[in-house]
Amino acid sequence: MSVSFMISGVYMSNKRQKLPSRLVLILAFDGVQIIDIAEPAQVLSTANEEGADPHYDVRIVALKAGLIESESGFAILAGEIPKEGAVDTLVVPGGPGVHILRKNPLVNIALNDLSQRAARVCSVCTGSFLLAEAGILDGRRAVTHWRSTDRLAREFPNVKVDPDPIFLNDGPVWTTAGVTAGIDLTLSLVQQDHGAALSARVARRLVDYMRRAGGQKQYSEPLALQAASGAPFDALSCQIAGDPRLQWTVEKMAETAGQSLRTFHRRFEAATGQSPAKAVEKIRCDLARSLLHTTDMSLGQIADRTGLGSETPLRRAMTRQFCVNPGEMLDRFA
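As the structure is a prediction and not an experimental result, all values here were calculated from the model.

Engineer: Tell me about a nonpolar patch on the surface, and please be specific about residues and values.
Structural biologist: On the surface, L63, L106 and I109 cluster together to form a nonpolar patch covering roughly 310 Å² of accessible area. A relative accessible area of 42% means that L63 is categorised as partly exposed.

Here it is as structure tokens:
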């Protein structure tokens, strides 16, 4: 039996009232990178399944409703952009079609109208170029895919481009780095709306091993030795990772690589763009991060296991490498 009571002239039931949904519009266009649409849509859909209240009403929209051809060749059926009414979140994805779309004056009109009606405006990857073209990023800090940060800064001098973070939040405007950063951004939106517990459940459902903080550097994920062109020091990097406690001096690394000290130092920096000491620290920090998220080891134990010594050097090294300290990483994954 339902019992009702009245507050300020409005009858309320003791049954839980259903809250209005959060309208999320994701812009689609020819040449869009489909993952930039799929990631936010999937995170929000999963949040709904995990009990988000109010839930997310996610809609794929375009300047002209109909089939949109993505960069990958997948066809996307997009609806019309609502002509009026409030919007909770606007998501502008990236892709090669961005730079053609920038030439369409109707896009600027639509984005400016939506940005006035939206509580949050977000770009994924090179979608930042569309926001910048519309003037939405003027005077704001922003990030984009690491391969496009120089171009964004050059073409839009009024935008304060920061090339490092995975995502940035400047007031109601959010911008992200490339590809999987769209997941990190959307998980943070879910956390902002519904709390860390729901965001963590969504991350687990998506088998996302950690929710990266926005301040992390976007191009610190691969080991630099393995990312280098030709990867001439792969064997060495594997040996360091296999025995990180060893005193990996430059002399020891040169001996292991079978080169003279002078030749090794010159070739190593040319191939990796960093000194041998910094490369060793990066490998140790990658190992430490993995242990942090996959074991119950204390920071002291992790520091000892990875050759970083003790907690203080561990904290300093990880902050240098990832711009996030171990405590913040644990908070994100808790």
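Engineer: Which residues make up the sheet that holds strand β7 (residues 87-92), and what are the values?
Structural biologist: As summarised here, the arrangement of the 8 strands in space is β5-β6-β4-β3-β7-β8-β12-β11, forming an open sheet in which the pairing is mixed. On the outer flanks of this sheet lie β5 (66-69) and β11 (167-170), each paired with one strand and no other. The sheet shows a mean angle of 30° between the axes of neighbouring strands, taken without regard to direction. Sitting on the sheet, helix α1 (residues 34-49) touches β3 (22-27), β4 (56-62), β6 (75-80) and β7, and the angle it makes with β4 is about 160°.

Engineer: I'd love a proper account of the environment of Q301, names of residues and values included.
Structural biologist: Structurally, Q301 can be placed in helix α13 (residues 299-306). Residues Q301 and A288, 13 residues apart in the sequence, show an inter-C-alpha distance of 9.8 Å. Only 2.8 Å separates the side chain of Q301 from the backbone nitrogen of S298, close enough to count as a polar contact.

Engineer: For the pattern of salt bridges, give the residues involved together with the corresponding values.
Structural biologist: Following the criterion strictly, the structure yields 18 salt bridges and no others. Here R117 makes a salt bridge to D113, at a shortest N to O gap of 2.9 Å. With R117 and D113 both in helix α3 (residues 105-117) and 4 residues apart, this pair spans about one turn of that helix. For D113, a relative accessible area of 34% puts it in the partly exposed group. In this structure, R320 and E281 form a salt bridge, with 2.5 Å as the shortest nitrogen-oxygen distance. In this pair, R320 is assigned in helix α14 (residues 311-322) and E281 in helix α12 (residues 276-294), connecting sequence segments 39 residues apart. Given a relative accessible area of 47%, R320 falls into the partly exposed group.

Criteria and thresholds
Residues numbered from 1 in each chain as written. Predicted model: local features only at pLDDT ≥ 70, side-chain atom pairs only at ≥ 80, totals over all residues. Heavy atoms only, no water. Patch = residues over 30% accessible without salt bridge, like charges linked within 9 Å, V, L, I, M, F, W, Y side chains within 5 Å. Areas by Shrake-Rupley, 256 points an atom, 1.4 Å probe, with all protein chains shown as cover. Salt bridge = Lys/Arg side-chain N within 4 Å of Asp/Glu carboxyl O. Buried < 20%, exposed > 50% of the residue type's maximum accessible area, 1.4 Å probe, protein only. Pairing = 2+ DSSP bridges. Helix = DSSP H or I, 4+ residues; strand = E, 2+ residues; numbered from the N terminus. Axes fitted to C-alpha atoms, helices over the stretch in contact; angles between N-to-C directions. Contact = heavy atoms within 4.5 Å. Polar contact = N/O pair within 3.5 Å; in protein donor to acceptor, adjacent residues only side chain to side chain.

Purely geometric stuff here, so don't read any function into it on its own.
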